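Fold and geometry: a report
The lines below spell out each chain.
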Amino acid sequence: MTTRSRANGEGSIFPYRNGSFAAYVWVTKPDGKRTRKYVYGKTREETHDKWLALHQKAKAGPVVTKSLTLGNFAAYWLREIVQPNLAPGTYVTYEVTSRLYIVPGLGKRRLDKLQISDTQTWLNAVRRECQCCAQGKDKRRKPARQRCCALGECCHEFPSASTIGNIRRVLRTLLTQAITEGHITANPAKNVKVPAARAKKRRAWTSDEARQFLESARTDQDPYYAAYVLVLVLGLRKGEMLGATWPNIDLNAGEVTVDMQLQRVGNQLLHRETKTPTSDDTLPMPEICTVALRERGAVQRATQEQAGSAWQRTDLVFTTRFGTPIEPRNFNRYWDRRCDLAGVRRITIRDARRTCASLLADLDVHPRVAMQILRHAQFSITMEIYTVVSSAATRAALKKLGESLEHQS
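Residues numbered from 1 in each chain as written. Predicted model: local features only at pLDDT ≥ 70, side-chain atom pairs only at ≥ 80, totals over all residues. Heavy atoms only, no water.

Digging into empty space enclosed by the protein
According to the stated counting rule, one finds 1 cavity of 30 Å³ or more in the structure shown. Looking at the largest cavity, its volume works out to about 60 Å³. Around the largest cavity, the lining residues are Leu236, Glu240, Gly243, Ala244, Thr245, Asn248, Val256, Thr257, Val258, Asp259 and Met260. (1 Å grid on protein atoms, 1.4 Å probe; cavity = no way out; pocket = protein on both sides within 12 Å on 5 of 7 lines; lining within 4 Å. Points joined across faces, edges and corners; volume = space filled by probe spheres on them.)

Some remarks on the sheet that holds strand E3 (residues 34-41)
Spatially, 3 strands are ordered E1-E2-E3 in an open sheet, and the strand pairing comes out antiparallel. Two strands close off the open sheet at either side, each with one partner strand: strand E1 (13-15) and E3. Within this sheet the neighbouring strands show an average axis-to-axis angle of 30°, counted without direction. Bridge count for strand E2 (residues 21-28) against E3 is 8 bridges, and the pairing is antiparallel. In the sheet register, Val25 faces E3, and the bridge partner there is Lys37. Together, E1, E2 and E3 form the strand contacts of helix H1 (residues 44-60), whose direction differs from that of E2 by roughly 5°. (Pairing = 2+ DSSP bridges. Helix = DSSP H or I, 4+ residues; strand = E, 2+ residues; numbered from the N terminus. Axes fitted to C-alpha atoms, helices over the stretch in contact; angles between N-to-C directions. Contact = heavy atoms within 4.5 Å.)

Focus on the confidence of the model for the chain
For the chain, per-residue confidence averages 84 on the pLDDT scale, and 85% of positions sit at 70 or higher. Between the elements of the chain, mean pLDDT differs from a low of 51, seen in helix H16 (residues 392-408), to a high of 95, seen in helix H11 (residues 328-342). In the model, residues 1-6 has pLDDT below 50 throughout and makes 3 contacts with residues more than four positions away in sequence or in other chains. Considering only residues more than four positions removed or in separate chains, one finds that residues 404-409, a stretch of pLDDT under 50, has 9 contacts. (pLDDT = per-residue confidence, 0-100.)

Some details on unusual backbone geometry
The backbone of Asn18 shows a phi angle near 50°, a positive value even though the residue is not glycine. Checked against the element boundaries, Asn18 lands in the loop between E1 and E2. Asn18 gets classed as exposed once you look at its relative accessible area, which sits at 84%. Phi at His156 is positive, roughly 55°, even though this residue is not glycine. Checked against the element boundaries, His156 lands in the loop between helix H5 (131-135) and helix H6 (161-180). (Buried < 20%, exposed > 50% of the residue type's maximum accessible area, 1.4 Å probe, protein only.)

See below:
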């Protein structure tokens, strides 16, 4: 009887189905557990080569034994990791980015086969592709409203550098979770190169423009005058201002507690806690704020009486005429309209927060108090901004805004 010599360990190679061969190697998984991993080949030689490669891979480190497609893992990640544990706005961002970009481009790829070169090539292709064409935006419109790509006239809607950066960030976060769960051992999106996104230049009003804006709102008895004051004088974010409640305001002590926000997330309008604990604080209010809020309370009580049984109690400081929350996008329109009526440059509400420091200086608010209001970590930052003051005339006019309103009430 003839015998065939075998290399050490080759006994793990054995006949399989239909004349093929299989082999296994004991490997350590990323979670530290030991298990068998199999390879297959049409011939013993082919199987032997695969067995050797797997053997060397097992010696080098942990080996992934189960594989998922990126699309299947992304669905699980969004459903079980992101949605229950992260902020609603973060979930919406991740879901949209996955649905529109990541899954269509890489969803069918196996996680354990995805390489840095694959993600780099894919992201480069996304940069060069019109997203109106890729996502069928114009094609989904009614035929009478189609105006570009569906008609063969590409609008060249290429993603910006910031969009590409956001896609990489979401993909990298997704693949980091895949590493944590042992599906892969390295992140193929970690070292992908993307173009640097240029930061948008932020604008701010001068104190003269801010004073002109507030005087216009006060003179016209704008129902949102107090909201404008809180944005400009306390630097509240739009969500923080719209989410402010009366129980969090102490007019006698001149303090407001910021710990809630009003946020539009998809088709939901949420009144929820602020994004991070560092955003929460109890802020001292200059007199102009307390006077404006007293007037706001009087106006709201009168509005409630007019609404009668249609009024919905929410405890919100700023509401519609029926007591319901104000849609953030609608408040953007109120802001822009007031800018036009006041004859000042249109800036965003976010940019208006940058005006806060100069207004506090004009109102003779002590720098240490301003530091608390602005929520700066370092006093030097406050002083660097705070030292820019306006003319004596502007300073005097700002102080009179609250005083004149108080005399009228």
